[in-house]
Amino acid sequence: MNVPPPRRVLLDTDPGIDDALAILLGLASPEIDLAALSVVHGNCTLVEAVTNALAIAGLAGRPDLTVAAGCDRPLLRPPVTAHDTHGTHGLGYARLPWGAAQPVAEHAVDLLIREIMAAPGEVTLVAIGPLTNVALALRKEPRLAQAVRECIFMGGAFRAEGNITPLAEFNVFADPHAAQIVLSSGIPLTIMPWDITRDVRLSQGDVDRLLARGGPIPRFIAEATRYYIEFHLREFGWAGCSINDPAALALVWWPELAQTRDIYVEVELTSELTLGKTVGDVGGKSGCAPNVRLVESFDATEFVARFLRRMEELAERLAG
Ligand code: BDR
Ligand code: CA
């Protein structure tokens, strides 16, 4: 049987608990070659997010993974963080050791441009934080939109209320202007929205079973998600947590888990009340050609089972 070569992936991220789980999943998955992490403000400050990204790579046995610091604030709006959801430094109750690893000197925006333009049609960009880095990269090098193989973004709320304002989802709300730049750039864009990922749930039981296997990876996941689960219990009344970002990353190599439709999408930018709302032209009223492949359903049960298997395999690999 012919095994296809691993897909080269750049992950633009704001770690963040579910971002950390996405990084671990990426490093545990032979179907992709996770080339670098470009870090952006979002769940926590940029400095915290870069520190977390380096620490997670170290935890997964990849202290050599390229980590580049990007934008520390949105294009126009004041910064928003989500420390209430992700903990005082972004990784819940987990305390990872500071390694010797440092971010590269290159700015994340330049790294994205250099990597994508060096191999047209080959690099997949997965963005799981606010889109500031991606928007600036597109502004600086507009040919990026044609050179990238695909861009997958976790964000937006289409058929659900928002998770940061009544209508807006966090990653879009945290830099709505950047999101609109990306949407109008012509980049081949798949969106994994919060209406879908909020139902991709890791339960307390899943975490306990993983923890029983022992080792630093299960311990980290348990300590990080304990905070996240407390938040979900308080906010939504169930003992578990939505693992938004890993579900978006997995679309790169498990696309069969998702059903999509092509649709035209814009972001609300003028109303304070509905700022950052993603508006999908479901009925085709705008006359605009679709600019997004939107995930409309996803096999969450199968994904969570596969995710947990990958975490067990990673734990075993590091143990021995
Ligand atoms: C998104 O916002 C962040 O808090 C999560 O990391 C995820 O990327 C969910 O709305
Ligand atoms: Ca994120």
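Residues numbered from 1 in each chain as written. Chains lettered and ligands numbered in written order. Predicted model: local features only at pLDDT ≥ 70, side-chain atom pairs only at ≥ 80, totals over all residues. Heavy atoms only, no water.

1. As for the confidence of the model for the chain
In the predicted model, the chain carries a mean pLDDT of 96, and 100% of its residues have values of at least 70. Across the chain, strand E4 (residues 123-127) holds the top mean pLDDT of 99, while helix H3 (residues 83-86) sits lowest at 93. (pLDDT = per-residue confidence, 0-100. Helix = DSSP H or I, 4+ residues; strand = E, 2+ residues; numbered from the N terminus.)

2. Focus on the sheet that holds strand E9 (residues 258-263)
Across the sheet, which stays open at both edges, the eight strands sit in the order E3-E2-E1-E4-E5-E6-E12-E9 with mixed pairing between neighbours. Across the chains shown, the open sheet's two edge strands, defined by having one partner strand only, are strand E3 (66-69) and E9. The sheet shows a mean angle of 25 degrees between the axes of neighbouring strands, direction not considered. The strands that helix H4 (residues 108-118) touches are strand E1 (7-13), strand E2 (32-39), E3 and E4; relative to E1, the one it contacts most, it runs at about 165 degrees. (Pairing = 2+ DSSP bridges. Axes fitted to C-alpha atoms, helices over the stretch in contact; angles between N-to-C directions. Contact = heavy atoms within 4.5 Å.)

3. Notes on the side chain of glutamine 180
Inspection of the secondary structure assignment puts glutamine 180 in helix H8 (residues 176-183). Setting aside chain neighbours within four positions, we find glutamine 180 in contact with Glu266, Val267 and Leu269.

4. Section: the pattern of salt bridges
Summed over all chains, the structure comprises 21 salt bridges. In this structure, arginine 213 engages glutamate 316 in a salt bridge whose closest nitrogen and oxygen atoms are separated by 2.5 Å. In this pair, arginine 213 is assigned in the loop between helix H10 (204-211) and helix H11 (216-236) and glutamate 316 in helix H13 (residues 300-319), connecting sequence segments 103 residues apart. Classification of arginine 213 as partly exposed rests on a relative accessible area of 45%. In this structure, arginine 261 and glutamate 296 form a salt bridge, with 3.5 Å as the shortest nitrogen-oxygen distance. Of this pair, arginine 261 sits in strand E9 while glutamate 296 is found in strand E12 (residues 292-298), placing the two residues 35 residues apart along the sequence. (Salt bridge = Lys/Arg side-chain N within 4 Å of Asp/Glu carboxyl O. Buried < 20%, exposed > 50% of the residue type's maximum accessible area, 1.4 Å probe, protein only.)

5. Regarding H10
Along H10, the residues that are buried comprise Asp206, Val207 and Leu210. Considered in projection along H10, the buried side chains sweep an arc of 95 degrees and stay on one side of the axis. Taken together, the buried residues of H10 touch strand E7 (201-203), H11 and H13. (Arc of directions from axis to C-beta.)

6. Let's talk about the state of the cysteines
If you walk through the whole model with that rule in mind, you get zero disulfides. Cysteine 71 supplies the cysteine sulfur nearest to cysteine 44, a cysteine that is in no disulfide, at a spacing of 15 Å. By relative accessible area, cysteine 44 is classed as buried at 1%. Unpaired in terms of disulfides, cysteine 71 finds its nearest cysteine sulfur in cysteine 151, a separation of 15 Å. (Disulfide = S-S within 2.5 Å.)

7. Quick look at a nonpolar patch on the surface
Taken together, Leu75, Leu76 and Leu136 make up a surface patch of nonpolar side chains, about 260 Å² in accessible area. Tracing the backbone through its elements, the reader meets leucine 75 in the loop between E3 and H3. On the basis of relative accessible area, leucine 75 is assigned to the partly exposed category, the value being 31%. (Patch = residues over 30% accessible without salt bridge, like charges linked within 9 Å, V, L, I, M, F, W, Y side chains within 5 Å. Areas by Shrake-Rupley, 256 points an atom, 1.4 Å probe, with all protein chains shown as cover.)

8. A few points about empty space enclosed by the protein
To find leftover empty space, a probe the size of one water molecule is rolled over the atoms. Under the criterion given, the structure shown has one cavity of 30 Å³ or more. In this structure, the largest cavity spans a volume of roughly 30 Å³. As for the largest cavity, its lining consists of Leu131, Phe153, Val172, Ala179, Val182, Leu183, Leu189, Ile191, Val267 and Thr278. Of all the secondary structure elements, the ones that give two or more residues to the lining of the largest cavity are H8 and strand E6 (189-192). In terms of residue count, H8 provides more of the lining of the largest cavity than any other element does, three residues in total. By residue class, the composition of the lining of the largest cavity is nine nonpolar, one polar and no charged. (1 Å grid on protein atoms, 1.4 Å probe; cavity = no way out; pocket = protein on both sides within 12 Å on 5 of 7 lines; lining within 4 Å. Points joined across faces, edges and corners; volume = space filled by probe spheres on them. Nonpolar A, V, L, I, M, F, W, Y, C, P; charged D, E, K, R; others polar.)

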